[in-house]
Amino acid sequence: MTDEKQDLDIATLLVHEGERRGKPAARSVSTPIYASSTFTYDSMAEIDQVFAGEKPGYVYTRHGNPTVTALEDALRSVEGGAVSCAYSSGMAAIHAALFACELTPGATVLASQDLYGATTNLLLTVFGSFGIKTVTADFSDLDEVRAKASETKPRVLIAETISNPLLKICDIAACAEIARTAGARLIIDNTFASPYLCRPLEHGADIVVHSATKYLGGHGDAIGGVVISRDEVDRAALVGVMKLVGGVLSVWEAHEILRGLKTLALRMDRHCENAGALAARMQNHSRVGRVYGGLPVHGCIAALRAVDQSRRRLHQRAASRYGFASRPVTGAPPAVGNHGWTGSDLSRHRERE
Ligand SMILES: Cc1ncc(COP(=O)(O)O)c(C=O)c1O
(Lines give C-alpha, C1' and ligand atoms only; values in the text may rest on other atoms or scores of the structure.)
Protein backbone atom coordinates (compact mmCIF):
# COMPACT_ATOMS: atom_id res chain seq x y z
CA MET A 1 0.00 0.00 0.00
CA THR A 2 1.37 3.44 -0.88
CA ASP A 3 1.81 6.06 1.86
CA GLU A 4 -0.94 8.05 0.30
CA LYS A 5 -3.33 5.13 0.62
CA GLN A 6 -2.22 4.35 4.15
CA ASP A 7 -3.59 7.71 5.18
CA LEU A 8 -7.03 6.94 3.82
CA ASP A 9 -9.86 5.89 6.04
CA ILE A 10 -11.06 2.33 5.47
CA ALA A 11 -14.48 3.68 4.47
CA THR A 12 -12.79 5.62 1.64
CA LEU A 13 -10.70 2.63 0.58
CA LEU A 14 -13.81 0.47 0.43
CA VAL A 15 -15.39 2.94 -1.94
CA HIS A 16 -12.45 3.45 -4.29
CA GLU A 17 -10.29 0.33 -4.31
CA GLY A 18 -10.63 -1.70 -7.50
CA GLU A 19 -11.96 1.11 -9.64
CA ARG A 20 -10.47 3.09 -12.58
CA ARG A 21 -8.15 0.28 -13.50
CA GLY A 22 -7.63 1.11 -17.17
CA LYS A 23 -7.82 -1.31 -20.05
CA PRO A 24 -6.31 -4.81 -19.65
CA ALA A 25 -3.44 -5.58 -22.04
CA ALA A 26 -5.43 -8.34 -23.73
CA ARG A 27 -8.61 -7.80 -25.72
CA SER A 28 -11.66 -9.55 -24.32
CA VAL A 29 -13.22 -12.08 -26.68
CA SER A 30 -16.78 -11.03 -25.93
CA THR A 31 -17.94 -7.45 -25.44
CA PRO A 32 -17.61 -6.49 -21.78
CA ILE A 33 -20.52 -4.90 -19.93
CA TYR A 34 -19.42 -1.33 -19.28
CA ALA A 35 -21.58 -0.81 -16.21
CA SER A 36 -20.52 2.77 -15.69
CA SER A 37 -22.80 5.77 -15.84
CA THR A 38 -19.86 8.13 -16.40
CA PHE A 39 -16.36 7.91 -17.88
CA THR A 40 -13.36 9.88 -16.79
CA TYR A 41 -10.30 11.30 -18.57
CA ASP A 42 -6.95 12.70 -17.53
CA SER A 43 -8.03 16.31 -17.97
CA MET A 44 -11.17 18.42 -18.01
CA ALA A 45 -10.13 19.66 -21.44
CA GLU A 46 -10.34 16.11 -22.78
CA ILE A 47 -13.76 15.60 -21.19
CA ASP A 48 -14.96 18.82 -22.81
CA GLN A 49 -13.67 17.68 -26.21
CA VAL A 50 -15.45 14.32 -25.97
CA PHE A 51 -18.61 15.97 -24.68
CA ALA A 52 -18.58 18.38 -27.59
CA GLY A 53 -18.10 15.51 -30.06
CA GLU A 54 -14.65 16.81 -31.12
CA LYS A 55 -12.96 13.63 -29.97
CA PRO A 56 -14.37 10.07 -29.96
CA GLY A 57 -15.13 8.63 -26.57
CA TYR A 58 -17.73 8.27 -23.86
CA VAL A 59 -18.59 10.65 -21.06
CA TYR A 60 -22.05 9.77 -19.85
CA THR A 61 -24.00 6.60 -20.62
CA ARG A 62 -27.19 8.44 -21.65
CA HIS A 63 -25.05 9.88 -24.46
CA GLY A 64 -23.40 6.58 -25.37
CA ASN A 65 -21.81 3.51 -23.88
CA PRO A 66 -19.33 1.03 -25.39
CA THR A 67 -21.53 -2.04 -24.76
CA VAL A 68 -24.52 -0.34 -26.36
CA THR A 69 -22.37 0.86 -29.27
CA ALA A 70 -21.25 -2.71 -29.90
CA LEU A 71 -24.90 -3.76 -30.34
CA GLU A 72 -25.69 -0.70 -32.48
CA ASP A 73 -22.70 -1.42 -34.73
CA ALA A 74 -23.64 -5.09 -35.08
CA LEU A 75 -27.17 -4.23 -36.20
CA ARG A 76 -26.05 -1.40 -38.46
CA SER A 77 -23.81 -3.89 -40.17
CA VAL A 78 -26.32 -6.76 -40.54
CA GLU A 79 -29.14 -4.47 -41.68
CA GLY A 80 -26.78 -2.61 -44.02
CA GLY A 81 -27.50 0.92 -42.75
CA ALA A 82 -25.50 4.08 -42.16
CA VAL A 83 -26.65 4.87 -38.62
CA SER A 84 -27.92 2.74 -35.78
CA CYS A 85 -29.24 3.80 -32.39
CA ALA A 86 -30.46 1.59 -29.55
CA TYR A 87 -33.27 2.47 -27.13
CA SER A 88 -34.86 1.08 -24.01
CA SER A 89 -37.65 -0.74 -25.90
CA GLY A 90 -39.10 -1.33 -29.33
CA MET A 91 -41.67 1.40 -28.67
CA ALA A 92 -38.93 3.89 -27.78
CA ALA A 93 -37.22 2.96 -31.05
CA ILE A 94 -40.42 3.45 -33.09
CA HIS A 95 -40.94 6.83 -31.40
CA ALA A 96 -37.37 7.84 -32.30
CA ALA A 97 -37.75 6.70 -35.92
CA LEU A 98 -40.97 8.70 -36.33
CA PHE A 99 -39.36 11.69 -34.65
CA ALA A 100 -36.43 11.49 -37.10
CA CYS A 101 -38.90 11.97 -39.95
CA GLU A 102 -39.53 15.57 -38.85
CA LEU A 103 -43.26 15.22 -38.42
CA THR A 104 -44.72 18.67 -37.95
CA PRO A 105 -48.30 19.64 -37.05
CA GLY A 106 -50.57 18.96 -40.00
CA ALA A 107 -48.34 16.17 -41.36
CA THR A 108 -49.87 12.79 -42.19
CA VAL A 109 -48.56 9.30 -41.46
CA LEU A 110 -49.89 6.50 -43.67
CA ALA A 111 -49.80 3.44 -41.44
CA SER A 112 -50.48 -0.21 -42.07
CA GLN A 113 -53.89 -1.02 -40.59
CA ASP A 114 -52.57 -4.05 -38.77
CA LEU A 115 -49.50 -2.58 -37.12
CA TYR A 116 -48.66 -3.73 -33.61
CA GLY A 117 -51.40 -2.07 -31.53
CA ALA A 118 -49.10 0.07 -29.40
CA THR A 119 -47.54 1.56 -32.53
CA THR A 120 -50.98 2.63 -33.76
CA ASN A 121 -51.76 4.03 -30.30
CA LEU A 122 -48.45 5.91 -30.24
CA LEU A 123 -49.36 7.51 -33.56
CA LEU A 124 -52.92 8.33 -32.57
CA THR A 125 -52.27 9.57 -29.04
CA VAL A 126 -48.72 10.92 -28.67
CA PHE A 127 -48.13 12.10 -32.25
CA GLY A 128 -51.85 12.88 -32.62
CA SER A 129 -51.63 15.30 -29.70
CA PHE A 130 -49.02 17.28 -31.66
CA GLY A 131 -51.38 17.64 -34.62
CA ILE A 132 -50.00 14.74 -36.65
CA LYS A 133 -52.70 12.81 -38.47
CA THR A 134 -52.65 9.05 -38.99
CA VAL A 135 -54.44 7.39 -41.89
CA THR A 136 -54.46 3.60 -42.17
CA ALA A 137 -54.44 1.28 -45.17
CA ASP A 138 -54.16 -2.44 -45.84
CA PHE A 139 -50.51 -2.62 -46.86
CA SER A 140 -51.05 -6.00 -48.52
CA ASP A 141 -53.27 -4.12 -51.01
CA LEU A 142 -50.86 -1.94 -52.97
CA ASP A 143 -53.61 -0.19 -54.93
CA GLU A 144 -55.13 0.99 -51.67
CA VAL A 145 -51.75 2.17 -50.35
CA ARG A 146 -51.05 4.00 -53.62
CA ALA A 147 -54.47 5.65 -53.65
CA LYS A 148 -54.24 6.76 -50.01
CA ALA A 149 -50.68 8.03 -50.50
CA SER A 150 -51.72 10.09 -53.46
CA GLU A 151 -54.79 11.41 -51.63
CA THR A 152 -53.21 12.23 -48.24
CA LYS A 153 -49.64 13.19 -49.26
CA PRO A 154 -48.10 11.51 -46.21
CA ARG A 155 -44.71 12.40 -44.80
CA VAL A 156 -44.16 8.84 -43.58
CA LEU A 157 -45.35 5.36 -44.53
CA ILE A 158 -44.98 2.78 -41.76
CA ALA A 159 -45.52 -0.97 -41.94
CA GLU A 160 -44.20 -4.25 -40.59
CA THR A 161 -42.29 -6.72 -42.77
CA ILE A 162 -44.51 -9.44 -41.35
CA SER A 163 -47.42 -7.89 -39.48
CA ASN A 164 -48.34 -8.51 -35.87
CA PRO A 165 -50.58 -10.42 -35.39
CA LEU A 166 -52.00 -11.39 -38.80
CA LEU A 167 -48.64 -12.08 -40.44
CA LYS A 168 -49.42 -10.13 -43.59
CA ILE A 169 -46.37 -9.59 -45.76
CA CYS A 170 -45.40 -6.10 -46.83
CA ASP A 171 -44.03 -5.74 -50.36
CA ILE A 172 -41.31 -3.39 -49.19
CA ALA A 173 -39.93 -2.52 -52.64
CA ALA A 174 -43.38 -1.55 -53.91
CA CYS A 175 -44.12 0.49 -50.78
CA ALA A 176 -40.74 2.22 -51.08
CA GLU A 177 -41.66 3.22 -54.62
CA ILE A 178 -45.03 4.55 -53.43
CA ALA A 179 -43.27 6.46 -50.65
CA ARG A 180 -40.76 7.96 -53.09
CA THR A 181 -43.52 9.05 -55.45
CA ALA A 182 -45.33 10.72 -52.53
CA GLY A 183 -42.14 12.35 -51.24
CA ALA A 184 -42.48 10.34 -48.03
CA ARG A 185 -40.12 8.17 -46.04
CA LEU A 186 -40.73 4.47 -45.44
CA ILE A 187 -40.26 3.03 -41.94
CA ILE A 188 -40.32 -0.75 -41.68
CA ASP A 189 -40.69 -2.58 -38.39
CA ASN A 190 -38.60 -5.68 -39.06
CA THR A 191 -39.18 -7.28 -35.65
CA PHE A 192 -40.91 -10.41 -36.91
CA ALA A 193 -38.64 -11.19 -39.83
CA SER A 194 -35.35 -10.12 -38.22
CA PRO A 195 -32.42 -9.31 -40.53
CA TYR A 196 -31.86 -13.03 -40.94
CA LEU A 197 -35.02 -13.33 -43.05
CA CYS A 198 -35.28 -9.87 -44.55
CA ARG A 199 -33.22 -6.68 -44.77
CA PRO A 200 -35.69 -3.91 -45.58
CA LEU A 201 -33.06 -1.28 -46.46
CA GLU A 202 -32.00 -3.47 -49.40
CA HIS A 203 -35.57 -3.22 -50.71
CA GLY A 204 -35.74 0.55 -50.48
CA ALA A 205 -36.95 1.25 -46.93
CA ASP A 206 -35.47 4.38 -45.36
CA ILE A 207 -35.53 3.34 -41.72
CA VAL A 208 -35.74 -0.05 -40.04
CA VAL A 209 -36.92 -0.51 -36.47
CA HIS A 210 -36.78 -3.53 -34.21
CA SER A 211 -38.27 -4.59 -30.96
CA ALA A 212 -35.05 -6.36 -29.92
CA THR A 213 -37.14 -7.83 -27.12
CA LYS A 214 -38.28 -10.52 -29.58
CA TYR A 215 -36.06 -12.51 -31.91
CA LEU A 216 -32.88 -10.43 -31.65
CA GLY A 217 -32.66 -10.98 -27.90
CA GLY A 218 -34.33 -14.33 -28.27
CA HIS A 219 -34.41 -15.49 -24.68
CA GLY A 220 -37.20 -13.47 -23.10
CA ASP A 221 -34.82 -11.80 -20.66
CA ALA A 222 -34.22 -8.37 -22.21
CA ILE A 223 -36.26 -5.41 -23.45
CA GLY A 224 -34.78 -3.17 -26.08
CA GLY A 225 -35.24 -1.50 -29.43
CA VAL A 226 -33.05 -0.40 -32.31
CA VAL A 227 -33.41 2.00 -35.24
CA ILE A 228 -31.22 1.60 -38.30
CA SER A 229 -31.32 4.30 -40.97
CA ARG A 230 -29.93 4.14 -44.48
CA ASP A 231 -28.97 7.81 -44.26
CA GLU A 232 -26.34 9.48 -42.12
CA VAL A 233 -28.60 12.53 -42.05
CA ASP A 234 -30.79 10.82 -39.43
CA ARG A 235 -27.95 10.57 -36.91
CA ALA A 236 -28.59 13.94 -35.28
CA ALA A 237 -32.29 13.24 -34.66
CA LEU A 238 -31.78 9.64 -33.53
CA VAL A 239 -28.96 10.55 -31.14
CA GLY A 240 -30.89 13.66 -30.05
CA VAL A 241 -33.90 11.57 -28.99
CA MET A 242 -31.57 9.23 -27.14
CA LYS A 243 -29.87 12.05 -25.24
CA LEU A 244 -32.89 14.26 -24.60
CA VAL A 245 -35.84 11.91 -24.24
CA GLY A 246 -33.44 9.58 -22.48
CA GLY A 247 -34.95 6.18 -23.25
CA VAL A 248 -31.51 4.59 -23.54
CA LEU A 249 -30.82 0.89 -23.65
CA SER A 250 -29.33 -0.49 -20.46
CA VAL A 251 -25.87 -1.99 -20.75
CA TRP A 252 -27.14 -5.25 -19.29
CA GLU A 253 -29.85 -5.54 -21.90
CA ALA A 254 -27.38 -4.58 -24.64
CA HIS A 255 -25.19 -7.45 -23.53
CA GLU A 256 -28.08 -9.95 -23.51
CA ILE A 257 -29.23 -8.85 -26.96
CA LEU A 258 -25.67 -9.00 -28.35
CA ARG A 259 -25.44 -12.53 -27.03
CA GLY A 260 -28.82 -13.31 -28.58
CA LEU A 261 -27.59 -12.20 -32.02
CA LYS A 262 -24.99 -14.94 -32.04
CA THR A 263 -27.69 -17.62 -32.26
CA LEU A 264 -30.23 -15.68 -34.33
CA ALA A 265 -29.56 -17.68 -37.50
CA LEU A 266 -29.91 -21.02 -35.73
CA ARG A 267 -33.04 -19.97 -33.86
CA MET A 268 -34.76 -18.49 -36.91
CA ASP A 269 -34.17 -21.64 -38.93
CA ARG A 270 -35.65 -23.70 -36.12
CA HIS A 271 -38.57 -21.28 -35.58
CA CYS A 272 -39.37 -21.54 -39.28
CA GLU A 273 -39.18 -25.34 -39.28
CA ASN A 274 -41.32 -25.61 -36.16
CA ALA A 275 -43.87 -23.10 -37.41
CA GLY A 276 -44.13 -24.83 -40.79
CA ALA A 277 -44.66 -28.22 -39.16
CA LEU A 278 -47.23 -26.87 -36.71
CA ALA A 279 -49.09 -24.90 -39.36
CA ALA A 280 -49.33 -27.96 -41.60
CA ARG A 281 -50.63 -30.04 -38.72
CA MET A 282 -53.10 -27.45 -37.46
CA GLN A 283 -54.47 -26.89 -40.94
CA ASN A 284 -56.12 -30.28 -40.69
CA HIS A 285 -57.13 -30.01 -37.04
CA SER A 286 -60.88 -30.27 -36.45
CA ARG A 287 -60.89 -27.42 -33.92
CA VAL A 288 -58.89 -24.97 -36.01
CA GLY A 289 -60.83 -22.83 -38.49
CA ARG A 290 -57.98 -20.99 -40.15
CA VAL A 291 -54.20 -20.95 -40.09
CA TYR A 292 -52.46 -17.64 -40.82
CA GLY A 293 -49.10 -17.97 -42.54
CA GLY A 294 -46.65 -20.77 -42.02
CA LEU A 295 -47.85 -22.62 -45.13
CA PRO A 296 -46.42 -22.52 -48.64
CA VAL A 297 -49.84 -21.58 -50.05
CA HIS A 298 -50.87 -18.49 -48.19
CA GLY A 299 -52.84 -15.46 -49.29
CA CYS A 300 -50.13 -12.97 -48.53
CA ILE A 301 -47.77 -14.60 -51.01
CA ALA A 302 -49.88 -13.05 -53.77
CA ALA A 303 -48.60 -9.67 -52.65
CA LEU A 304 -45.13 -10.73 -53.62
CA ARG A 305 -45.81 -11.41 -57.30
CA ALA A 306 -44.46 -8.10 -58.42
CA VAL A 307 -41.28 -8.54 -56.45
CA ASP A 308 -38.21 -9.80 -58.26
CA GLN A 309 -36.99 -13.33 -57.84
CA SER A 310 -34.44 -12.79 -55.12
CA ARG A 311 -36.74 -10.60 -53.09
CA ARG A 312 -39.56 -13.08 -53.55
CA ARG A 313 -37.35 -15.86 -52.27
CA LEU A 314 -36.46 -13.81 -49.23
CA HIS A 315 -40.06 -12.88 -48.49
CA GLN A 316 -41.41 -16.35 -49.16
CA ARG A 317 -38.88 -17.71 -46.78
CA ALA A 318 -40.27 -15.33 -44.19
CA ALA A 319 -43.91 -15.97 -45.09
CA SER A 320 -43.97 -19.68 -45.52
CA ARG A 321 -41.33 -20.76 -43.11
CA TYR A 322 -41.83 -18.26 -40.32
CA GLY A 323 -44.43 -18.15 -37.55
CA PHE A 324 -48.17 -18.49 -37.85
CA ALA A 325 -51.28 -17.80 -35.87
CA SER A 326 -54.50 -19.81 -35.80
CA ARG A 327 -58.14 -18.95 -35.31
CA PRO A 328 -60.35 -21.44 -33.51
CA VAL A 329 -63.48 -22.58 -35.36
CA THR A 330 -65.58 -20.62 -32.87
CA GLY A 331 -64.50 -17.45 -34.68
CA ALA A 332 -62.81 -16.02 -31.59
CA PRO A 333 -59.73 -13.84 -32.08
CA PRO A 334 -56.51 -15.59 -33.13
CA ALA A 335 -55.71 -18.15 -30.50
CA VAL A 336 -52.01 -18.05 -30.72
CA GLY A 337 -50.07 -15.18 -31.53
CA ASN A 338 -47.51 -13.36 -32.84
CA HIS A 339 -44.21 -13.60 -31.16
CA GLY A 340 -41.53 -16.24 -31.13
CA TRP A 341 -42.58 -19.78 -30.61
CA THR A 342 -40.42 -21.04 -27.83
CA GLY A 343 -39.93 -24.68 -26.98
CA SER A 344 -42.35 -24.38 -24.08
CA ASP A 345 -44.99 -22.72 -26.28
CA LEU A 346 -44.74 -25.65 -28.62
CA SER A 347 -44.95 -28.28 -25.93
CA ARG A 348 -47.88 -26.51 -24.25
CA HIS A 349 -49.54 -26.48 -27.61
CA ARG A 350 -48.94 -30.16 -28.16
CA GLU A 351 -50.51 -30.84 -24.78
CA ARG A 352 -53.64 -29.02 -25.89
CA GLU A 353 -53.92 -31.03 -29.11
C1 LIG B 1 -43.92 -5.79 -34.26
C2 LIG B 1 -43.66 -5.13 -32.96
N3 LIG B 1 -43.10 -3.91 -32.94
C4 LIG B 1 -42.86 -3.26 -31.77
C5 LIG B 1 -43.15 -3.83 -30.56
C6 LIG B 1 -42.85 -3.07 -29.29
O7 LIG B 1 -41.68 -3.58 -28.74
P8 LIG B 1 -41.31 -3.46 -27.18
O9 LIG B 1 -42.29 -4.32 -26.43
O10 LIG B 1 -39.90 -3.94 -27.12
O11 LIG B 1 -41.46 -2.02 -26.81
C12 LIG B 1 -43.71 -5.12 -30.52
C13 LIG B 1 -44.02 -5.75 -29.24
O14 LIG B 1 -44.62 -6.80 -29.16
C15 LIG B 1 -43.97 -5.78 -31.75
O16 LIG B 1 -44.52 -7.00 -31.79
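Residue numbers restart at each chain and count upward from 1, following the sequence in its written direction. It should be noted that, the model being predicted, local features are given only for residues of pLDDT at least 70 and side-chain atom pairs only at 80 or more, the latter also being counted only at that level, while totals for whole chains, interfaces and linings use all residues.

*Asks:* Which parts of the structure should I look at to understand the sheet that holds strand E4 (residues 156–160)?
*Replies:* In sheet architecture, strand pairing relies on hydrogen bonds along the backbone and comes in two forms, parallel and antiparallel. A pair of strands counts as paired when DSSP detects no fewer than two bridges linking them. Secondary structure elements follow DSSP: runs of H or I no shorter than four residues count as helices, runs of E no shorter than two count as strands, and numbering proceeds from the N terminus. Reading across the sheet, the seven strands line up as E1-E7-E6-E5-E4-E2-E3 and stay open at both edges, with mixed pairing between neighbours. The two strands at the open ends of the sheet, each matched to only one other strand, are strand E1 (83–87) and strand E3 (133–137). The mean inter-strand angle of the sheet, taken between neighbouring strand axes irrespective of direction, is 20 degrees. C-beta atoms are placed from the backbone for every residue, and two residues are taken to be in contact when these atoms lie within 7 Å. Here an axis means a line fitted to C-alpha atoms, over the contact stretch when the element is a helix, while the angle between two N-to-C directions is reported on a 0 to 180 degree scale. Along the sheet face, helix H5 (residues 90–100) touches E1, E4, strand E5 (185–189), strand E6 (207–211) and strand E7 (225–229) and points at about 30 degrees away from the line of E7. Helix-sheet contacts for helix H6 (residues 117–127) involve strand E2 (108–112), E3 and E5, and the interaxial angle to E2 is about 165 degrees.

*Asks:* Sorry, what's going on with the site of the ligand here?
*Replies:* Residues are classed as near a molecule or strand if the C-beta position derived from their backbone is within 6 Å of it. With respect to spatial proximity, 14 residues lie near the ligand, and among them Ser89, Gly90, Met91, Ser211 and Thr213 are the closest. When residues are grouped by polarity, Ala, Val, Leu, Ile, Met, Phe, Trp, Tyr, Cys and Pro land in nonpolar, Asp, Glu, Lys and Arg in charged, and all others, Gly among them, in polar. When grouped by side-chain class, the residues that make up the shell around the ligand number five nonpolar, seven polar and two charged.

*Asks:* Sorry, what's going on with H5 here?
*Replies:* Spacing of three or four residues puts side chains on the same side of an α-helix, whose turn is 3.6 residues. Here the C-beta atoms are placed from the backbone, and a residue counts as buried if at least 20 other C-beta atoms lie within 10 Å of its own, exposed if 12 or fewer do, and partly exposed otherwise. H5 sits mainly inside the fold: 10 of its 11 residues count as buried. Buried residues of H5: Gly90, Met91, Ala92, Ala93, Ile94, His95, Ala96, Ala97, Leu98 and Ala100, and no others. Once H5 finishes, Glu102 follows within two positions and takes phi at roughly 50 degrees, a positive value.

*Asks:* Would you mind going over the pairing of E2 with me for this structure?
*Replies:* Successive residues of a regular strand alternate their side chains across the two faces of the sheet. E2 sits mainly inside the fold: five of its five residues count as buried. Residue alternation in E2 divides its side chains into two sets, Thr108, Leu110 and Ser112 and Val109 and Ala111, and both sets are buried. A clockwise path from the first strand over the helix to the second, with the strands pointing away from the viewer, defines a right-handed crossover. Chirality of the crossover, the property in question, places the unit of E2, H6 and E3 among those that are right-handed. Pairing of E2 with E4 involves three bridges; the strand directions are parallel. The residue bridging Leu110 from the neighbouring strand is Leu157, located in E4.

*Asks:* Is there a simple way to think about the environment of Val233 in this case?
*Replies:* With respect to the helices, strands and loops of the structure, Val233 is situated in the loop between E7 and helix H10 (235–244). The spatial distance from the C-alpha of Val233 to the C-alpha of Ala100 is 9.3 Å, given a sequence separation of 133 residues.

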